[in-house]
Amino acid sequence: MQTLEKINIQLGYIPLLDCTAILWAQHQGYFTAQGLNVTLVKEPSWASLRDRLAFGLLDVAHCLSAMLPAAATGNDQLGIPLQSTLVLSTNRAFISLSQKLCYDLDISAQDTPQQSASKIVDSIKQGHQIKLAHVFKQSIHHYCLREWLALADLDTAKTHQLLTLPPPYMVDAISTQLIDGFCVGEPWNIQAQIQGHGLVIAESKQIIPEVADKVLATTQEWAQTHPHTLHALEVAIQQAQQDLRSLESLQQVWQMLEHSEIIRFNCSDLIHTQAFYKIQNIIRSFGMQNAPKAEDFEWILQQMCAWENLKLDQSQIKAIAVQCVGKVS
């Protein structure tokens, strides 16, 4: 084992299913086995996590993939470059609408994304206020909502105001009618549906390409000055990902997620059975991730140009995307 540049590590995360590999690596002692003393820091919002990572209060973090090109372009208002060499999840977001709105507009889970988008856009054009939320401006969740609305009407997709809420707040917001729908990762869609507030009406993979959603990220400066430490972190998390892929039973993983208050509802093979196995399949998928691809960040940059008026030519897009995966263009 090569000498680690730093042993005591602050690792930030947001409570979502796709931080499971990080939590499991800690639970199983995989970080310790690599010579690391990792403290997991649950952050209240993506904005808090991004700022604390950028300014060095966190060493490494569970990040939205779109944070990386946003930082590279300065579109995040900070401009501190980030990079990643490890994907934690790929395009696993969902769109949920309030059950009342679905009833009022005759929207069902069997509707195609274009059909549900058309019903929403028609209602907006009739003057009804429909409040939709995503988790962060620079996220595939934001772009998924825009692309979904664009299936019905491009002008509405460009002009309709979207709200931003941290993932754990989505269920409370829809239950109190502060919002009418959201795009977020699990388990928050399932929780809203089980509790009778929301209905999952589309998966992000029906609307946008299979791109990286969450990644393990550091600042570029930190990665350059701590290469052995970063490698040790990646090895520990990859070992956890291997477990998620190969464990015969996920019972201990499930208990860990309940203890960590990521799963906050009663769900098992006996109650809410379909949701239980859906969550299990999602957890398994986190064990089957590839290294980040520059092409994923190219797509994100193209979305930023389309929906946030960022001005970049194709050569600039390619160069920035390569930097996001820790390579020199």
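Thresholds applied
- Residues numbered from 1 in each chain as written.
- Predicted model: local features only at pLDDT ≥ 70, side-chain atom pairs only at ≥ 80, totals over all residues.
- Heavy atoms only, no water.
- Salt bridge = Lys/Arg side-chain N within 4 Å of Asp/Glu carboxyl O.
- Helix = DSSP H or I, 4+ residues; strand = E, 2+ residues; numbered from the N terminus.
- Buried < 20%, exposed > 50% of the residue type's maximum accessible area, 1.4 Å probe, protein only.
- Pairing = 2+ DSSP bridges.
- Axes fitted to C-alpha atoms, helices over the stretch in contact; angles between N-to-C directions.
- Contact = heavy atoms within 4.5 Å.
- Phe/Tyr/Trp six-rings, centres within 6.5 Å; stacked < 30°, edge-to-face > 60°.
- Lys NZ or Arg CZ within 6 Å of the ring centre and 35° of its normal.
- Parallel < 35°, antiparallel > 145°, perpendicular 65-115°, else oblique.
- Nonpolar A, V, L, I, M, F, W, Y, C, P; charged D, E, K, R; others polar.

Going by the annotation in an unreviewed UniProt entry, the name recorded for the protein chain is SsuA/THI5-like domain-containing protein, with Acinetobacter bereziniae LMG 1003 = CIP 70.12 given as the source organism.

With that out of the way, let us pick up the pattern of salt bridges. Throughout the structure, instances matching the rule amount to 12 salt bridges. The salt bridge partner of Asp 18 is Lys 214, with a shortest N-O separation of 2.9 Å. Taken together, the positions of Asp 18 in the loop between strand 1 (8-13) and helix 1 (20-27) and Lys 214 in strand 10 (residues 212-219) put the pair 196 residues apart, joining distant regions of the chain. Across the salt bridge formed by Glu 298 and Lys 318, the nearest N and O atoms sit 3.5 Å from each other. With Glu 298 in helix 15 (residues 294-308) and Lys 318 in helix 16 (residues 314-324), the pair connects residues that are 20 residues apart, well separated along the chain. Residue classification places Glu 298 among the buried residues on the basis of a relative accessible area of 12%. Assessed through its relative accessible area of 41%, Lys 318 is described here as partly exposed.

Here five strands make up an open sheet; going across it, the order is 2-1-3-10-4 and the pairing mixed. In this open sheet, the two strands that pair with only one neighbour each are strand 2 (37-42) and strand 4 (82-90). The sheet shows a mean angle of 25° between the axes of neighbouring strands, direction not considered. Both strand 3 (residues 60-64) and strand 10 contribute to a ladder of four bridges, which runs antiparallel. Counterpart to Ala 61 in the pairing with strand 10 is Ala 217. Sheet strands in contact with helix 1 are strand 1, strand 2, strand 3, strand 4 and strand 10, and its direction is about 140° off that of strand 2. Of the strands in this sheet, strand 1, strand 2, strand 3, strand 4 and strand 10 touch helix 3 (residues 46-54), which is tilted by about 135° from strand 3.

This brings us to the packing of aromatic side chains. A full pass over the atoms with the stated rule returns three aromatic pairs. With 6.4 Å between their ring centres and 75° between their planes, Tyr 143 and Trp 299 make a pair best called edge-to-face. Of this pair, Tyr 143 sits in helix 7 (residues 140-150) while Trp 299 sits in helix 15, placing them 156 residues apart in sequence. Ring geometry for Trp 254 and Phe 276: centres 4.8 Å apart, planes at 55°, overall tilted. On the criterion of sequence distance, the pair formed by Trp 254 in helix 13 (residues 251-259) and Phe 276 in helix 14 (residues 273-285) is long-range, its members being 22 residues apart. Given a relative accessible area of 6%, Trp 254 falls into the buried group. Seen from the ring of Phe 94, Lys 278 lies directly overhead, with NZ or CZ sitting 4.2 Å from the centre.

Bringing the packing of helix 13 against helix 14 into the picture now. Viewed as axis vectors pointing N to C, helix 13 and helix 14 meet at an angle of 100°, and their least axial separation amounts to 12 Å. With respect to their mutual orientation, helix 13 and helix 14 come out roughly perpendicular. Facing Val 253, Trp 254 and Leu 257 of helix 13, the residues of helix 14 in contact are Phe 276, Ile 279, Gln 280 and Ile 283. Tallied by class, residues from the contact of helix 13 with helix 14 come to six nonpolar, one polar and no charged.

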